[in-house]
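Spelled out, the chains give:
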Amino acid sequence: MASPMCRGIVASGRRAAAAAWGRTMSTASWWSHVEPAAKDPILGVTEAFLADPSPDKVNVGVGAYRDDNGKPVVLNCVREAERRIAGNLNMEYLPMGGSIKMIEEALKLAYGDDSELLKNKRIASVQALSGTGACRLFADFQRRFLPDSQIYIPVPTWANHHNIWRDAHVPQRTFHYYHPETKGLDFAAMMDDIKNAPNGSFFLLHACAHNPTGVDPSEEQWREISYQFKVKNHFPFFDMAYQGFATGDPERDAKAIRIFLEDGHMIGCAQSFAKNMGLYGQRVGCLSILCENEIQAVAVKSQLQQIARPMYSNPPIHGALVVSIILSDPQLKSLWLEEVKGMADRIIGMRTALRENIEKLGSNMSWEHITNQIGMFCYSGLTPEQVDRLTSDFHIYLTRNGRISMAGVTTGNVGYLANAIHHVTQ
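Sequence order as written defines the numbering, with residues in each chain counted from 1. Reporting of local features is limited, given that this is a predicted model, to residues whose pLDDT is at least 70; pairs of side-chain atoms are given and counted only at 80 or more, and all residues count toward the totals for whole chains, interfaces and linings. Side-chain numbers come from the whole structure's heavy atoms, not from hydrogens or water.

1. Here's the deal with a nonpolar patch on the surface
- On the surface, a nonpolar cluster with roughly 430 Å² of combined accessible area is contributed by Trp30, Trp31 and Val34.
- To qualify as a helix, a DSSP run of H or I must reach at least 4 residues; to qualify as a strand, a run of E must reach at least 2; elements of each kind are numbered from the N terminus. As for its placement among the helices and strands, Trp30 is situated in the loop between helix 1 (4-27) and helix 2 (41-51). Exposure above 30% relative accessible area and the absence of a salt bridge qualify a residue for a patch, where like charges join within 9 Å and nonpolar side chains (Val, Leu, Ile, Met, Phe, Trp, Tyr) within 5 Å. The method behind every accessible area is Shrake-Rupley, applied with a 1.4 Å probe, and residues are considered shielded solely by the protein chains displayed. We count a salt bridge whenever a side-chain nitrogen from Lys or Arg sits within 4 Å of a carboxyl oxygen from Asp or Glu.

Have a look at this one:
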């Protein structure tokens, strides 16, 4: 045993070390080693646009719907749902899994009103923080229960997909999707990658209105993809952020998922109500995983809830109430279907107008991809250097990969945009 004198010397040394540490920390920040994060390529476009004093500036980078005056839109069905909520305010916690009513309606939208899978309770589902949160929950679930698996992600894809699976520590591989020369689907290369991937691989698929390209497989191509997935026993995870917003018909936009279900696949699906209901700031979505039976579905849902618990405990209530009220009321749902078709039709109309305006200027390039693509985004084929010239010479803002948000195109600026594109591509 140490003598009292020794113990005193040790204690004195510890106090001196602590004092020295304190002096060090008083002159240096705990976080001095932290470097600024790289700017988000999409959000950075909006920042630059807002800082530009030019009266001619145009923002076609934002991934949010705008009306023909370039203004944000609150749907009438949402206004009515808000009115009903205001008369019956509820600020209580939702369960960890979220609003049961919202989930029920979301699943009917994705899987079909009369789906036997719903009747047989084979779908594990939880409310999520929009599509991003649904993808992240699934990525963490994949990592926890199949730690040796990886995810195949299309080239290109929404940039945040890479961040989500990276931060969940799921290894990523890529598969061919977009063909730069045709500005369409590179179907042959895509099928080769599906065939060559190890049996039982996870694939991330965009259910409709692929972001950023606007290029979707045809129904026949989806059937071939589904068949090959069956041969290889691959697991399809669908990110469906634009149901109804692509064609104006939610049933048609869910066709890819329905084909895979018909073919007997187990699937996962992330849904978002940001775009198709304009609930961007409410962060309301749904994650669903099809299981073999009800017992398995109960187990999977319990694990999804356990993953959500240390992240955010419970999802927010307000947006879930808006969605459940709209989808469960026949009149409000009918109004929503009318309004979402109106949004989709405006986007489709602006595609036609942009293409026609460029062609009228005498461009010797083909611009048919503008109208062949679908959804919010047009993958223009513009090079990063051409995008830079659009910004510096014409005050037009978009991401450097050439992605144009068609929601930012209006009857008032389409001619100006067309002229600028023609100028930088001559």
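After presenting the structure, the write-up continues.
2. With respect to the sheet that holds strand 4 (residues 172-176)
- Strands pair, by our definition, only if DSSP identifies at least two bridges between them. Strand order in the open sheet formed by seven strands is 2-10-9-8-7-3-4, with mixed pairing between adjacent strands. Strands with a single pairing partner mark the edges of an open sheet, and in this sheet they are strand 2 (123-128) and strand 4. Shown here is a sheet whose adjacent strand axes are inclined to one another by a mean of 25°, direction ignored. All axes are obtained by fitting lines to C-alpha atoms, using only the stretch in contact for helices, and the reported angles, taken between N-to-C directions, cover 0 to 180 degrees.

3. Remarks on the state of the cysteines
- Put simply, a disulfide is two cysteine sulfurs that come within 2.5 Å. Taken as a whole and judged by the stated rule, the model has zero disulfides.
- Here Cys286 stays free of any disulfide, with the sulfur of Cys269 as its closest cysteine sulfur at 7.7 Å.
- Of the cysteine sulfurs around Cys291, a residue in no disulfide, the closest is that of Cys286, at 13 Å.
- Since its relative accessible area comes to 1%, Cys291 is described here as buried. For each residue, the accessible area found with a 1.4 Å probe, counting protein chains only, is set against the maximum for its type, and the residue is called buried under 20%, exposed over 50%, and partly exposed in between.

4. A few points about empty space enclosed by the protein
- As defined here, a cavity is a set of points on a 1 Å grid over the protein atoms alone where a 1.4 Å probe fits but cannot get out. A pocket is an open set with protein on both sides within 12 Å along at least five of seven lines, and residues line them when an atom is within 4 Å of a point. Grid points are joined across faces, edges and corners, and a volume is the space filled by probe spheres set on the points. Counted according to the given criterion, the structure contains one cavity of 30 Å³ or more.
- Looking at the largest cavity, its volume works out to about 40 Å³.
- Considering the residues around the largest cavity, the lining is formed by Pro154, Phe175, Tyr177, Met190, Leu204, Leu205, His206, Pro217 and Trp222.
- If one sorts the elements of the lining of the largest cavity by residue count, strand 7 (residues 202-206) sits on top with three residues.
- Taken together, the residues of the lining of the largest cavity sort by class into eight nonpolar, one polar and no charged. By the convention adopted, Pro, Cys, Tyr, Trp, Phe, Met, Ile, Leu, Val and Ala count as nonpolar, Lys, Arg, Asp and Glu as charged, and the other residues, Gly among them, as polar.

5. Digging into the pattern of salt bridges
- According to the stated counting rule, one finds 18 salt bridges in the structure shown.
- We note a salt bridge from Arg223 to Glu219, for which the minimum N-O separation is 3.1 Å. Within this pair, Arg223 and its partner Glu219 are both found in helix 9 (residues 219-232), separated by four residues, close to a single helical turn.
- Relative accessible area serves as the criterion here: at 42%, Glu219 is assigned to the partly exposed category.
- We note a salt bridge from Arg389 to Asp393, for which the minimum N-O separation is 3.8 Å. Remark: Asp393 and Arg389 occur in helix 17 (residues 384-394); sequence separation between them is four residues, near one turn of the helix.
- Classification of Asp393 as partly exposed rests on a relative accessible area of 44%.

6. What about the packing of helix 3 (residues 76-86) against helix 15 (residues 330-360)?
- At a minimum axis separation of 8 Å, helix 3 and helix 15 run at an interaxial angle of 150°. Considering their axes alone, helix 3 and helix 15 lie roughly antiparallel with respect to each other. Along its contact with helix 3, which presents Asn76, Cys77, Glu80 and Arg84, the element helix 15 presents Leu332, Leu335, Trp336 and Glu339.
- Considering only residue class, the contact of helix 3 with helix 15 consists of four nonpolar, one polar and three charged. Roughly parallel means an angle under 35 degrees; roughly antiparallel means over 145; roughly perpendicular covers 65 to 115; every other angle is labelled oblique. We call two residues in contact when some of their heavy atoms are within 4.5 Å.

7. Digging into the UniProt feature "domain: Aminotransferase class I/classII large" (unreviewed entry) in the protein chain
- UniProt positions are given in the numbering used here, feature names are shortened, and annotations may be inferred rather than shown by experiment. Feature annotation in UniProt places "domain: Aminotransferase class I/classII large" (unreviewed entry) on residues 56-421, given in this structure's numbering.
- Helix makes up 48% of residues 56-421 and strand makes up 14%, while its end C-alpha atoms are separated by 15 Å.

8. Examining the side chain of Asp329
- Looking at the element boundaries, Asp329 is found in the loop between helix 14 (318-328) and helix 15.
- Two N or O atoms form a polar contact when they lie within 3.5 Å of each other; inside protein one atom must be a possible hydrogen donor and the other a possible acceptor, and for residues adjacent in sequence the pair counts only when both atoms belong to side chains. Within the local environment of Asp329, its side chain forms a polar contact with the side chain of Arg84, the two groups lying 3.1 Å apart.

9. With respect to the side chain of Gln243
- Position of Gln243 relative to the elements: it lies in the loop between strand 8 (235-240) and helix 10 (250-253).
- A residue is classified by how much of its surface remains accessible, and Gln243, at 2% relative accessible area, is buried.
- A polar contact is formed between the side chain of Gln243 and the backbone oxygen of Leu109, at a distance of 2.8 Å.
- A polar atom in the side chain of Gln243 sits 3.1 Å from the backbone oxygen of Pro250.
- Once you skip the residues sitting within four places of it in the chain, Gln243 turns out to touch Leu109, Ala110, Cys208, Pro250, Asp253, Ala254, Gln271 and Asn276.

10. Quick notes on helix 11 (residues 255-262)
- The buried fraction of helix 11 is high, at six of eight residues.
- Listed in full, the buried residues belonging to helix 11 are Ala256, Ile257, Arg258, Ile259, Phe260 and Leu261.
- After helix 11 finishes, the residue Gly264 shows a positive phi value of roughly 85°.

11. Some words on helix 2
- Listing the buried residues of helix 2 in full gives Gly44, Val45 and Phe49. Buried residues of helix 2, viewed axially, fall in a sector of 140°; they line one side. Exposed and oriented more than 90 degrees from the buried face of helix 2 are Leu43, Leu50 and Ala51. The arc in question is formed by the directions pointing from the helix axis toward the C-beta atoms.

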